[in-house]
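Breakdown of the fold
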Amino acid sequence: MSALQYQFLCDLKGSKGPISCVVFNRDATLVFIGSDDGHVRIYSTTDFTHLQTLHEPAWGKVTALACIDSESAASDRVRTLCVGSIRGLVSLVPQAKHNTWFTQRSLKSIEVFEFNDSVSAQVYDAANQRIAIASHGGTLKLFSVDGGVDLIELWTVVDAPGIIPISLAFFGGGNQSLLVHKLENGEMTCRDAQTSEVLWKKHLTCAVGHAALSPREDLLLVHNLTESYAQVYCFPGSLPEAILPVQFKRQITFQGAWAEDGKIAVYGSDHGTIYVLDMVTREVIQQLPTRGLIQTVATAQLSNGHHIIIGGSSSGDFRASVWSKQPDEPYNEPASERSATRVNNWSRNAERGVILFLCFAIAIKSFFPALALSSLNPILFLRSVHLAALHTPGTVAQATVVLTKTVYATAEQAASTQTALVLSNDVLRHVEGVESDELLSVARITTVQPEIVTQTVTALRLEPQIVTVVPHLVEESTLTGDVLYAEEQIVEDLPPGGSTLSVSVSP
C-alpha cells in the first residue's frame, strides 16, 4: 500500500441533529449531507464551502439520499437530488441548468410509502436510469427515472413485512441484479431488477447492520450487528472470510465504505475514530481521530486524483469531518476519458469551424458573387465533415457488435459462482474478419466457473480486463451468431438450453 496518509482537511458544521447520510454526486464535485434536523446541506468539494441548504417541513427527518445524474450529453445533463424521509415521503429536487443551485421551488414530493413508513435505503442505477427504494416496513420498490423530474413505478414487493431492508446495491452485467440485505435476520437476497423475481436467497451468520459490495463485486463488507464487529465475505458466499480489526461497543448500525478502487475499506466507530483498512492484509493502516459517534461514512475520488473520506457524527455537535489523501503518483485522466475528451474537443472544434465556414461562404456569395467557388458549397462541405467524424479513431462507426449480458444454465450454477470474469466496459479491439470501420464493443460480462460446463468452440479468448483477437473468428460468428464462446481453460459451452453471452448488432 501507499506510504501516503490521509490528512485532516476540515469540519463541515451546521447540522442540528445526527447526520444520517452522506453522498457525493457522480463526478464528486458536490457532497450532500442529510440529518435528523430535516435539512440537506450541500458543499463544493473544490474547497468544501457551504453552497446551499435544503429543507422541507414535510420531511421530518432525512433518512436517505441519492444523486440522480442523467446519461445524456453534458449540455443536456439533468441532475436531481432524491431525498428520502422518515415519513415515507421521497422528494425530487432538480439542479438548475447553468449553476450548482438546486431549485427547491421545483421540488416534487411523492408518497412512495405509507405515512411514517420511513425510507430505509435507496440506490440509483445510472446505467439504466432507475432507482430502488426500500422502507422500514419491508417494502421494496423500483422506479424508472423520467428525466430526473418524476418517478415511474416499475414494481413493488413486500418480501418480509417488518424486516428492514438496510442496504441495496445494483450489480452484475448491465446492473441487471438487485442485492438486498435485511437488518434483523441477516438475509441476503438477489432479485432480477427487471422482473423483481428472486434469483437466489442466502442467510449470513449474523444480523446485518450494513453491507457494502466492493467495486469488483467480489467482496462484501458487513457490519455484524449481533457480535458488534466488522466482517468481510467473498461474494456471493454466505460465510465470513475474515473478521476485521474494528470493534464496536454499542449494538447500533455502522456503515462501511470502499475506497481507492476497492483497495481499502473505511469504517466509523462509537469512540471518535474512523478506521482505514488495507483489504489485502485486512489490517488497520490508519486511524483518523474525530469526535463522537461516527455511524455514517462516504468516500470519493476527486477530479484531481485526491481521495476523500467523510465521517458524519451522530452525537456532540453533529459535524462531518473531511480527510484527504494525495494520489500515489501524478494523477492522469484515464486513457478512455482522454480519448473521449479528444474526440469531443475535435467535434466541438469541427462544429465551430463549420459555423464559421458557413458564415464565410454565405458572406462571399452575398457580397462577392464572382468569388463564390463551387468548392465552397456549404452542403458538400458538411457532408465531408460528417464522414470524417465517422472514421475518427476511437469512435464507433456504422456497425457495432455488442456483448450485452450473461445467461446462466440454472440459478444454482449462478449462485455457486465464486470467481467471476469481468471485462472493462470500454475495451474495444478490431477483430479479424470484421471490416475496418466496425468495432467489437465489450460490455460488462460475467462468466461461470469452468467446472460447471464441458465443451467449447473457440471464438474469442476472454481474459481478465481484456479481449484479444483469435484467428478463428470470422464475420459470420461475430455478426450473425446468437452465442459467443471462449477458450476452454476459461469458459466452456453450457449444457443444451443454456447460453453464455448474447450478441446483438446495432446498425
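Throughout what follows, the structure given in this document is the object of discussion. Worth saying up front: this structure is predicted, and the values here are computed from it rather than measured. Sequence order as written defines residue numbering, which begins from 1 separately in each chain. Totals for whole chains, interfaces and linings use every residue, but because this is a predicted model, local features are given only for residues with pLDDT of at least 70 and side-chain atom pairs only at 80 or more, for both listing and counting. Hydrogens are left out, water is left out, and the side-chain values use all remaining heavy atoms of the structure.

**Thoughts on the overall build of the protein**
In this description a helix means any DSSP run of H or I spanning at least four residues, a strand means any run of E spanning at least two, and both kinds are numbered starting from the N terminus. What the protein contains, in helices and strands, is 4 helices and 35 strands. For each residue, the accessible area found with a 1.4 Å probe, counting protein chains only, is set against the maximum for its type, and the residue is called buried under 20%, exposed over 50%, and partly exposed in between. Across the 507 residues that make up the protein, the buried fraction comes to 50%. We call two residues contacting when some pair of their heavy atoms lies within 4.5 Å. By sequence separation, contacts in the protein at least 24 residues apart represent 49% of the contacts at least 6 residues apart. Split by element, the accessible area of the protein, about 24,000 Å² in all, is 54% carbon and sulfur. For the accessible areas, the method is Shrake-Rupley and the probe is 1.4 Å, while residue cover comes only from the protein chains on display.

**Describing unusual backbone geometry**
Of the consecutive residues Phe235 and Pro236, the connecting peptide bond is found in the cis state with omega at 5°. Position of Pro236 among the secondary structure elements: in the loop between strand S20 (229-234) and strand S21 (240-247). Phi is positive for Asn116, close to 70°, though the residue is something other than glycine. Locating Asn116 in the fold gives a position in the loop between strand S9 (108-111) and strand S10 (119-125). Phi is positive for Asn175, close to 55°, though the residue is something other than glycine.

**Considerations on the environment of Ile252**
Take Ile252: it is sitting in the loop between S21 and strand S22 (256-259). Setting aside chain neighbours within four positions, we find Ile252 in contact with His223, Leu225, Leu293 and Gln295.

**A closer look at the packing of aromatic side chains**
Pairing of aromatic side chains requires ring centres within 6.5 Å, counting the rings of Phe and Tyr and the six-membered ring of Trp. Pairs whose planes differ by under 30 degrees are stacked, by over 60 edge-to-face, and all others tilted. All chains considered together, the criterion is met by 6 aromatic pairs. Ring plane angle 70° and centroid distance 5.3 Å describe the contact between Phe8 and Trp323, whose orientation is recorded as edge-to-face. Taken together, the positions of Phe8 in strand S1 (residues 7-12) and Trp323 in strand S28 (residues 320-325) put the pair 315 residues apart, joining distant regions of the chain. Exposure remark for Phe8: the relative accessible area of 44% places this residue in the partly exposed category. A centroid spacing of 4.4 Å and a plane angle of 10° characterise the contact between Phe248 and Phe254, whose relative ring orientation is stacked. The class for Phe248 is buried, based on a relative accessible area of 4%. Residue Phe254 is classed as buried on the basis of its relative accessible area of 1%. Ring pairing ties together the aromatic residues Phe171, Trp200 and Phe235, which thus form one cluster. Placement of a positive charge over a ring is assigned whenever Lys NZ or Arg CZ falls within 6 Å of the ring centre and within 35 degrees of the normal to the ring plane. Directly above the aromatic system of Trp200 lies the positively charged group of Lys202, at a separation of 5.0 Å from the ring centroid.

**As for the sheet that holds strand S12 (residues 139-145)**
We call two strands paired when DSSP finds no fewer than two bridges between them. Strand order in this open sheet of 4 strands is S10-S11-S12-S13, and the pairing throughout is antiparallel. Looking at which strands have only one partner, the edges of the open sheet turn out to be S10 and strand S13 (151-158). Ignoring which end each strand starts from, the neighbouring axes of this sheet average 20° apart. Pairing between strand S11 (residues 130-135) and S12: 5 bridges, direction antiparallel. Across the sheet, Ala132 pairs through a bridge with Leu142, a residue of S12. Geometry is summarised by axes, namely lines fitted to C-alpha atoms with helices restricted to the contacting stretch, and by angles between N-to-C directions that run from 0 to 180 degrees.

**Notes on the sheet that holds strand S15 (residues 177-182)**
Taken in spatial order, the 4 strands line up as S14-S15-S16-S17 in an open sheet, and their pairing is antiparallel. Edge positions in the open sheet fall to strand S14 (165-171) and strand S17 (198-203), since each of these has one partner strand only. The sheet shows a mean angle of 15° between the axes of neighbouring strands, direction not considered.

**What about the pattern of salt bridges?**
We define a salt bridge as a contact between a side-chain nitrogen of Lys or Arg and a carboxyl oxygen of Asp or Glu at a distance within 4 Å. Summed over all chains, the structure comprises 11 salt bridges. In this structure, Arg79 engages Asp27 in a salt bridge whose closest nitrogen and oxygen atoms are separated by 2.5 Å. Of this pair, Arg79 sits in strand S7 (residues 79-85) while Asp27 sits in the loop between strand S2 (19-24) and strand S3 (30-35), and the two are 52 residues apart along the sequence. You can call Arg79 buried: its relative accessible area is 13%. Of the residues examined, Asp27 reaches a relative accessible area of 31% and is grouped as partly exposed. Several salt bridges converge on common partners, so that one network encompasses Asp11, Asp317 and Arg319.

**Here we look at the pairing of S14**
Burial runs high along S14: 7 of the 7 residues are buried. Across 6 bridges, the pairing between S14 and S15 is antiparallel. Bridge pairing links Ser167 to His181 in S15. Connecting S14 to the next strand, S15, in antiparallel fashion are 5 residues, including Gly172 with a positive phi near 85°.

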